[in-house]
Amino acid sequence: MATRENPFGQVLVALVTPFTADGEVAWDDVEKLIDDLVSNGADGIVVTGTTGETSTLTDDEKVKLVTVGKRVAGDRAKIIMGGPSNETAHAIVLAKKSEAAGADGLMIVTPYYNKPTQAGVLTHFRMIADATDMPVILYDIPGRSGIPIQYDTILRAAKHPNILAIKDAKGDFSEVSRVLNQTDLMYFSGDDSNILPHLAIGATGLIGVTANIAPAPYRAMVDAVNRGDLATATAEHKALEPLVRAVMSHVPGTVAAKYILHGLGRIGSPRVRLPLVGPEEWEAAKIEDEISVVGEIAGLDFSNFRPDRNAAAGGALPKIAGTAR
């Protein structure tokens, strides 16, 4: 659970943002999903991150997701605002609004598309971290942002009093160990297939996509690592492997997670916002093949999976498009 030393928790879900069939935020589904996740072991929820389709959410929707998350989670889990923007000034505005809405922390992604130098990356992080009193997780995901947070930049960022952690989706395990040796930063695994290896070398926890579907096994995995029970942690890792493959291998994780959540009756629609689209027939078939071998995980019976390819087809535009400040 979250503590003074770790204000974020250990089992954090990179929350999908449920939409209606016409692309509006399905607020009832948001509430039900958050309550279900927190009730089944999640102690942190990252809203408006990549998995939450932050690029197509309006600022008002982002702030409301923080507000709704806090209301539903209460003191059971921390609400972390993800993103918030590749434009520093815009990110500061969103950070301040999120803090006022009750966010417990902020996850700042490396500036995407701009491809700044490392000096620009560091300045972006520092200025946003300066703008609020919230604890900060840096998000290192060069596959999406186009640039990594280099080792020396991590060391310099770690000196900021509000920057406490990194979400790692870079996959450089030797660098993780090096940073853990050289700083007090916490590491969160940002790669669902590598969560147990990250935990084994000292990571604090996870920020996972597949955890939208099955938070309880991740709770069991983290708890097992905490008490030094590698056998139990490994068993949970193995049981989760086909589900992770289904979510992360064939289409963007957001798309697959929504497809599976809808097939399990957990959200009312699998729709994503354009330019994301639902899985094509062959992609849906691969997801369904993976799900067929998942079996039962922590009380989740995947034999009840009833996918609806027609409901998932295509993408949607919100009635109020854009992300203006």
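Remember, predicted model here, so these are calculated numbers, not experimental data.

Definitions and cut-offs
Residues numbered from 1 in each chain as written. Predicted model: local features only at pLDDT ≥ 70, side-chain atom pairs only at ≥ 80, totals over all residues. Heavy atoms only, no water. UniProt positions renumbered as here; feature names shortened; annotations may be inferred. Helix = DSSP H or I, 4+ residues; strand = E, 2+ residues; numbered from the N terminus. Contact = heavy atoms within 4.5 Å. Buried < 20%, exposed > 50% of the residue type's maximum accessible area, 1.4 Å probe, protein only. Pairing = 2+ DSSP bridges. Axes fitted to C-alpha atoms, helices over the stretch in contact; angles between N-to-C directions.

### Details of the UniProt feature "binding site: pyruvate" (unreviewed entry) in the protein chain
- Per the UniProt entry, the sites bearing "binding site: pyruvate" (unreviewed entry) are T51 and I207 in this numbering. The named residues occupy 157 residues along the chain; their greatest pairwise C-alpha distance, 10.5 Å, places them in one compact cluster.
- Among the secondary structure elements, T51 is positioned in the loop between β2 (44-47) and α2 (59-73).
- When neighbours within four sequence positions are excluded, T51 is seen to be in contact with A14, L15, V16, T17, V209, N212 and T254.
- On the secondary structure map, I207 appears in strand β8 (residues 205-208).
- Taking relative accessible area as the criterion, I207 reaches 1% and is therefore assigned buried.
- Leave out the neighbours within four places in its chain, and I207 touches L12, A14, V46, M107, I137, K167, F188, S189 and G190.

### A closer look at the sheet that holds strand β5 (residues 136-140)
- Spatially, 8 strands are ordered β1-β2-β3-β4-β5-β6-β7-β8 in a closed barrel, and the strand pairing comes out parallel. Averaged over neighbouring strand pairs, the angle between their axes works out to 25 degrees when direction is ignored.
- By the bridge criterion, 4 bridges tie strand β6 (residues 163-168) to strand β7 (residues 186-189) in an arrangement that is parallel. Residue D168 lies in a different strand from β7, and its bridge partner there is S189.
- Its contacts with the sheet place α2 against β2 and β3 (78-83), and it is angled at close to 165 degrees to β3.
- In this fold helix α4 (residues 118-131) packs onto β4 (105-109), β5 and β6, with an angle of close to 160 degrees to the strand it touches most, β4.

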